[in-house]
Amino acid sequence: MQANNLKTVRNDVRALLQQAQDLFAEAAAATGKNADELRAKGQQVLDQALNTAQDAQSAVMHAGRQIVTTTDDYVQSNPWRAIVISSGIGLLVGLAVGRCAERD
């Protein structure tokens, strides 16, 4: 779910940045009042892209904090289970690394 949201935000920011680049390229070719209007519109698009990126960053930070809190609560309430799980993961990683080292 969050991966799809991040992809959507990334695509939106890319589209906004591309639109801003197009506006600035057009403004470079234009002169006078028209160029000023295009530059102002480009700046608005860049501001919108920045706000979208900041909103996404805020959402990711919030989700990360929730994950950390949930994990900490789990480890605090089940310390031995957490030790067994982390030991098992460490064993599996060690076996995988050992097999890769044997191939080289």
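**A word on the overall build of the protein chain**
Within the protein chain, the regular secondary structure consists of three helices and zero strands. Secondary structure elements of the protein chain occur, N-terminal to C-terminal, as α-α-α. Relative to its length of 104 residues, the protein chain is extended, with a C-alpha radius of gyration of 24 Å against a globular reference of 13 Å. The principal-axis extents of the C-alpha atoms in the protein chain amount to approximately 70 × 40 × 15 Å. Looking at the protein chain as a whole, 13% of its 104 residues qualify as buried. Excluding contacts between residues fewer than 6 apart, the proportion of contacts in the protein chain whose partners are at least 24 apart in sequence is 48%. The average position of the 10 basic charges and that of the 11 acidic charges among the side chains of the protein chain differ by 6 Å.

**Focus: the confidence of the model for the protein chain**
For the protein chain, per-residue confidence averages 83 on the pLDDT scale, and 96% of positions sit at 70 or higher. Mean pLDDT per element in the protein chain: helix 1 (residues 2-29) is the minimum at 77, and helix 3 (residues 79-103) is the maximum at 89.

**Section: the environment of arginine 99**
Along the chain, arginine 99 falls in helix 3. Arginine 99 sits 85 residues away from arginine 14 along the chain, and the two C-alpha atoms are 41 Å apart.

**Quick look at the nonpolar core**
Burial of nonpolar side chains together is a common tendency in soluble globular proteins. Formed by Val13, Leu16, Ala20, Leu23, Ala27, Ala30, Ala35, Leu38, Val45 and Ala49, the largest nonpolar core amounts to 10 residues. Of all elements in the fold, only helix 1 and helix 2 (32-77) reach the threshold of two or more residues within this core. For leucine 38, the contacting residues outside a window of four places in its chain are Leu23, Glu26, Ala27 and Ala30.

**Describing the packing of helix 2 against helix 3**
In the contact formed by helix 2 and helix 3, the axes pass within 5 Å of each other and the chain directions differ by 110°. Judged by the angle between their axes, helix 2 and helix 3 are roughly perpendicular. When helix 2 is examined against helix 3, the residues Tyr74, Val75, Gln76 and Ser77 are found in contact with a partner set consisting of Pro79, Arg81, Ala82 and Ile85. Here the residues of the contact of helix 2 with helix 3 sort into five nonpolar, two polar and one charged.

The rules behind each value
Residues numbered from 1 in each chain as written. Predicted model: local features only at pLDDT ≥ 70, side-chain atom pairs only at ≥ 80, totals over all residues. Heavy atoms only, no water. Helix = DSSP H or I, 4+ residues; strand = E, 2+ residues; numbered from the N terminus. Rg over C-alpha atoms; globule rule 2.2 N^0.38 Å. Buried < 20%, exposed > 50% of the residue type's maximum accessible area, 1.4 Å probe, protein only. Contact = heavy atoms within 4.5 Å. Lys, Arg positive; Asp, Glu negative; His and termini not counted. Charge placed at Lys NZ, Arg CZ, Asp CG, Glu CD. pLDDT = per-residue confidence, 0-100. Core = buried A, V, L, I, M, F, W, Y, C linked by side-chain atoms within 4.5 Å. Axes fitted to C-alpha atoms, helices over the stretch in contact; angles between N-to-C directions. Parallel < 35°, antiparallel > 145°, perpendicular 65-115°, else oblique. Nonpolar A, V, L, I, M, F, W, Y, C, P; charged D, E, K, R; others polar.

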